[in-house]
Amino acid sequence: MVCDNARVFGKAWVCDDALVYGNALVCDNAEVSDNAEVFGNARVYGNARVYDDTRVCDDAEVFGNARVYGNALVCDNAEVSDNAEVFGNARVYGKASISGNARVKSNGDYIVFKNNWSSGRYFTYTKSNQMWKVGCFYGTGQELIEKAYADSELSGKCYEAYVK
């Protein structure tokens with residue numbers, strides 16, 4: 001639902017029980033879905049997604065209510081999901097994936113790395129909850145290291161270096 005002075009245009013999509021209100025802007029190919037909320041002066045654009053991640057990955061079901069508000073900006077191919085909050089003057093962009101119960105108020109609250117040793121996929125660490133997000137994996141640094149070693153010695157060593 002789009003309310004107040006909120007604007008949605010381009011090929012942007014607001015669906016399910018998602019709310020966009022206040023002076024929020026959703027445009028380009030951005031998607032806001034499930035029970036997510038975008039409000040205040042927040043901006044979501046590019047191919048960014050704000051949603052509840054109800055996919056099942058590695059037998060774990062993740063759900064919640066993602067929120068983007070204040071003067072926050074989510075753009076490019078970034079994702080905000082689950083119970084994550086992006087607010088204040090935070091800028092979440094590129095291949096960042098903010099999830100779980102992470103709280104991002106500024107750019108220093110998360111960091112994105114690229115896996116150059118195998119898949120080339122990106123992975124995100126959020127400081128507020130000290131969790132790692134890589135594809136369908138979401139967990140602690142130790143859990144990431146153990147999972148990576150189960151995949152291969154090289155992956156284990158590389159992820160361990162980043163975590164430490």
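Below, the structure is looked at part by part. Computed from a predicted model, the values in this text were never measured in an experiment.

Focus on the sheet that holds strand β14 (residues 85-86)
Strand order in the open sheet made by the five strands is β3-β6-β11-β14-β17, with parallel pairing throughout. Two strands in the sheet have a free side with no partner beyond their single neighbour: β3 (19-20) and β17 (103-104).

Looking at helix α1 (residues 141-151)
Helical geometry: 3.6 residues make up each α-helical turn, so side chains three or four residues apart lie on a common side. Every buried residue belonging to α1 is among G141, L144, I145 and A148, and all of these are buried. Buried residues of α1, viewed axially, fall in a sector of 100°; they line one side. Elements in contact with the buried residues of α1: β20 (131-134), β21 (137-139) and α2 (153-163).

Structural notes on the environment of G156
Along the chain, G156 falls in helix α2. Once residues lying within four places of it in the same chain are set aside, the contact partners of G156 are I145, A148 and Y149.

With respect to the nonpolar core
In this structure, V38, V68 and V86 are the most contacted members of the largest nonpolar core, which totals 29 residues. Among residues more than four places away in sequence, those in contact with V68 are E37, V38, F39, A42, V44, V50, V74, V80 and V86. Core analysis: the next-biggest nonpolar cluster, separate from the first, contains eleven residues, W117, F137, A148 and C158 among them.

Overview of the packing of aromatic side chains
Scanning the model with the defined rule gives 13 aromatic pairs in all. Here F39 and Y69 contribute two aromatic rings whose centre-to-centre distance is 4.9 Å and whose plane-to-plane angle is 5°, an arrangement assigned as stacked. Residue F39 is found in the loop between β6 (37-38) and β7 (43-44), and its partner Y69 is found in the loop between β11 (67-68) and β12 (73-74); the two are separated by 30 residues along the sequence. Centroid distance F113 to F123: 5.2 Å. Interplanar angle 25°. Geometry classified as stacked.

A few points about the pairing of strand β19 (residues 122-126)
Burial runs high along β19: four of the five residues are buried. Sheet analysis places β19 next to β20, joined by four bridges and oriented antiparallel. Looking across to β20, one finds that T124 is bridged to K133. Here β19 folds back onto β20, and the loop between the two strands holds four residues, one of which, Q130, carries a positive phi near 55°.

Some words on the side chain of N129
Locating N129 in the fold gives a position in the loop between β19 and β20. Apart from residues no more than four positions distant in its own chain, N129 is found in contact with S99, N101, A102 and Y138.

Details of the environment of K147
Turning to its location among the elements, K147 is positioned in helix α1. K147 gets classed as partly exposed once you look at its relative accessible area, which sits at 31%. Each C-alpha atom of the pair K147 and D16 lies 34 Å from the other, and the pair is 131 residues apart in sequence.

Rules of the game
- Residues numbered from 1 in each chain as written.
- Predicted model: local features only at pLDDT ≥ 70, side-chain atom pairs only at ≥ 80, totals over all residues.
- Heavy atoms only, no water.
- Pairing = 2+ DSSP bridges.
- Helix = DSSP H or I, 4+ residues; strand = E, 2+ residues; numbered from the N terminus.
- Buried < 20%, exposed > 50% of the residue type's maximum accessible area, 1.4 Å probe, protein only.
- Arc of directions from axis to C-beta.
- Contact = heavy atoms within 4.5 Å.
- Core = buried A, V, L, I, M, F, W, Y, C linked by side-chain atoms within 4.5 Å.
- Phe/Tyr/Trp six-rings, centres within 6.5 Å; stacked < 30°, edge-to-face > 60°.

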